[in-house]
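Take a look at the letters that make up each chain.
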Amino acid sequence: MKIVVIGGTGLIGSKSVAILRQGGHEVVAASPKSGINTITGEGLKAAVAGAQVVIDLANSPSFEDQAVLEFFEISGRNLIASEAAAGVRHHVALSIVGIDRTDNGYFRAKLAQEKLIETSGIPYTIIRSTQFLEFLGGIADSSAVGNMMRLPPVLFQPIAADDVAAIVAHVALAAPRRGIVEIAGPERAPFNEIVARYLKAIGDPRQVARDPEARYWGGRVEERSLVPLGEARLGRIGFDEWLRRAKAGV
Ligand SMILES: NC(=O)c1ccc[n+]([C@@H]2O[C@H](COP(=O)([O-])OP(=O)(O)OC[C@H]3O[C@@H](n4cnc5c(N)ncnc54)[C@H](OP(=O)(O)O)[C@@H]3O)[C@@H](O)[C@H]2O)c1
């Protein structure tokens, strides 16, 4: 089966491409670096021609509110138009748990991406994931003021990129759900505690303060804003195992 992975060079994209190729599929790892650009349309028609499945794992180069909204809207529209023309039978996209329960610019852009998919007429599955464990370092850096970061004690359930990619590949090969499936890591704990545990484990001396008023990317969050509320598929790799693998470089 021909499968196009948009953002096929990214964190989740490159892992998903490898899994699908191991399964014997013809996989196009599409990204600007390989001459396929969902914003300009470069190379898109040829890449999608003959594909049964398109998996959108692209991310915006800028996280500024307006830039990220424009990225997901323009990219989504161009992608849908090329998929409709090619008769694609399953569109899979990776979104985020809780984007309709807390407000920030990035989440608004992901909601806009989801709306385009839901109204496209192309059979689809949206996978809403919790934050990637690989994202913990970025969260720490963006929240730090000097040696201190203030984080809210809301529940957090990060998932390893390897688990995300395995689920993405599995979903892409199954029938379209015409809806949303949620995925999360196997462990749930307060956000501030997970980040503190991560910093300690990597020997980072920065301190984490528990602050119920602290925001998440500028948006107010409550106890269960960032975790699945209903049924969710859980990854298998917990924090300690993920850290062991990361340190070993596997
Ligand atoms: N971070 C999280 O915790 C989290 C949680 C849930 C869901 N997600 C979602 O997961 C998805 C994948 O995230 P990631 O961290 O794997 O992304 P990433 O590592 O930042 O990779 C982004 C990919 O998008 C490609 N790209 C950028 N502009 C493009 C364009 N104009 N046309 C085609 N491809 C383009 C990049 O290609 P180049 O290499 O050529 O630049 C790269 O392959 C995102 O949609 C994100 O919203 C993230």
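Residues numbered from 1 in each chain as written. Predicted model: local features only at pLDDT ≥ 70, side-chain atom pairs only at ≥ 80, totals over all residues. Heavy atoms only, no water.

### Topic: the overall build of the chain
Next up, step 1: Within the chain one finds 8 helices and 12 strands.
Next up, step 2: Taken over C-alpha atoms, the radius of gyration comes to 18 Å for the chain, in line with the 18 Å a tight globule of 250 residues would show.
Next up, step 3: Out of the 250 residues in the chain, the part that is buried amounts to 50%.
Next up, step 4: Sequence-distant contacts, at least 24 apart, represent 82% of the contacts inside the chain between residues at least 6 apart.
Next up, step 5: When the accessible area of the chain is evaluated, it comes to approximately 11,600 Å², of which 52% is carbon and sulfur surface.
Next up, step 6: Across the chain, the centroid of the 28 positively charged side chains sits 4 Å from that of the 27 negatively charged ones. (Helix = DSSP H or I, 4+ residues; strand = E, 2+ residues; numbered from the N terminus. Rg over C-alpha atoms; globule rule 2.2 N^0.38 Å. Buried < 20%, exposed > 50% of the residue type's maximum accessible area, 1.4 Å probe, protein only. Contact = heavy atoms within 4.5 Å. Areas by Shrake-Rupley, 256 points an atom, 1.4 Å probe, with all protein chains shown as cover. Lys, Arg positive; Asp, Glu negative; His and termini not counted. Charge placed at Lys NZ, Arg CZ, Asp CG, Glu CD.)

### Quick notes on the pattern of salt bridges
Next up, step 1: Counted by the stated rule, this structure contains 13 salt bridges.
Next up, step 2: Among the ionic pairs, Arg 108 bridges to Asp 65, the shortest N-O distance being 3.6 Å. Of this pair, Arg 108 sits in helix 4 (residues 105-118) while Asp 65 sits in helix 3 (residues 65-86), placing them 43 residues apart in sequence.
Next up, step 3: Residue Arg 108 is classed as partly exposed on the basis of its relative accessible area, which comes to 40%. (Salt bridge = Lys/Arg side-chain N within 4 Å of Asp/Glu carboxyl O.)

### Let's talk about the packing of aromatic side chains
Next up, step 1: Here the structure, examined in full by the defined rule, presents 10 aromatic pairs.
Next up, step 2: Taken together, a centroid distance of 5.6 Å and an interplanar angle of 70° make the contact between Phe 191 and Tyr 216 edge-to-face. Of this pair, Phe 191 sits in helix 7 (residues 191-201) while Tyr 216 sits in the loop between strand 11 (207-210) and strand 12 (233-234), and the two are 25 residues apart along the sequence. The pair Phe 191 / Tyr 216 is uniform in exposure class, with both members buried.
Next up, step 3: Arranged with centres 6.2 Å apart and planes meeting at 80°, the rings of Tyr 216 and Trp 217 form a pair that is edge-to-face.
Next up, step 4: Judged by its relative accessible area of 41%, Trp 217 is partly exposed.
Next up, step 5: Following the ring pairs from residue to residue traces out a cluster consisting of Phe 107, Phe 135, Phe 156, Phe 191, Tyr 216 and Trp 217. (Phe/Tyr/Trp six-rings, centres within 6.5 Å; stacked < 30°, edge-to-face > 60°.)

### Brief notes about the site of the ligand
Next up, step 1: In the vicinity of the ligand, 27 residues are found, and the nearest of them are Thr 9, Leu 11, Ala 58, Tyr 106 and Lys 110.
Next up, step 2: At a separation of 2.8 Å, an oxygen atom of the ligand approaches a polar backbone atom of Leu 11.
Next up, step 3: When the free accessible area of the ligand is taken as 950 Å², the share hidden by the protein chains comes to 85%.
Next up, step 4: Looking at the shell around the ligand, the elements that each hand over two or more residues are helix 1 (11-22), helix 3, strand 4 (90-96) and helix 4.
Next up, step 5: Take the shell around the ligand: its biggest share by element is 3 residues, from strand 4. (Near = heavy atom within 4 Å. Polar contact = N/O pair within 3.5 Å; in protein donor to acceptor, adjacent residues only side chain to side chain.)

### Things to note about the side chain of Asp 204
Next up, step 1: Its location among the elements puts Asp 204 in the loop between helix 7 and strand 11.
Next up, step 2: Reaching out from Asp 204, the side chain makes a polar contact with the side chain of Arg 206 at a distance of 2.8 Å.

### Some remarks on the sheet that holds strand 11
Next up, step 1: Spatially, 6-7-11 is the arrangement adopted by the 3 strands of the open sheet, whose pairing is mixed. Looking at strand neighbours, the two that pair on one side only are strand 6 (144-145) and strand 11, the edges of this open sheet.
Next up, step 2: Across 2 bridges, strand 6 lies against strand 7 (residues 148-151) in antiparallel orientation. Its bridge partner being in strand 7, Val 145 is matched across the sheet by Met 148. (Pairing = 2+ DSSP bridges.)

### Quick look at the pairing of strand 5 (residues 124-129)
Next up, step 1: Of all 6 residues in strand 5, 6 are buried, a share of seventy percent or more.
Next up, step 2: Burial of strand 5 is two-sided: the residues Tyr 124, Ile 126 and Arg 128 facing one way and the residues Thr 125, Ile 127 and Ser 129 facing the other way are all buried.
Next up, step 3: With 6 bridges joining them, strand 4 and strand 5 adopt parallel strand pairing. Paired with His 91 across the strands is Tyr 124, a residue of strand 5.
Next up, step 4: In terms of handedness, the path from strand 4 via helix 4 over to strand 5 forms a crossover that is right-handed.
Next up, step 5: Sheet topology places strand 5 next to strand 9 (residues 179-184); 5 bridges connect them, and they run parallel. What sits directly across from Thr 125, in strand 9, is Gly 179. (Right-handed = clockwise from strand over helix to strand, strands pointing away.)

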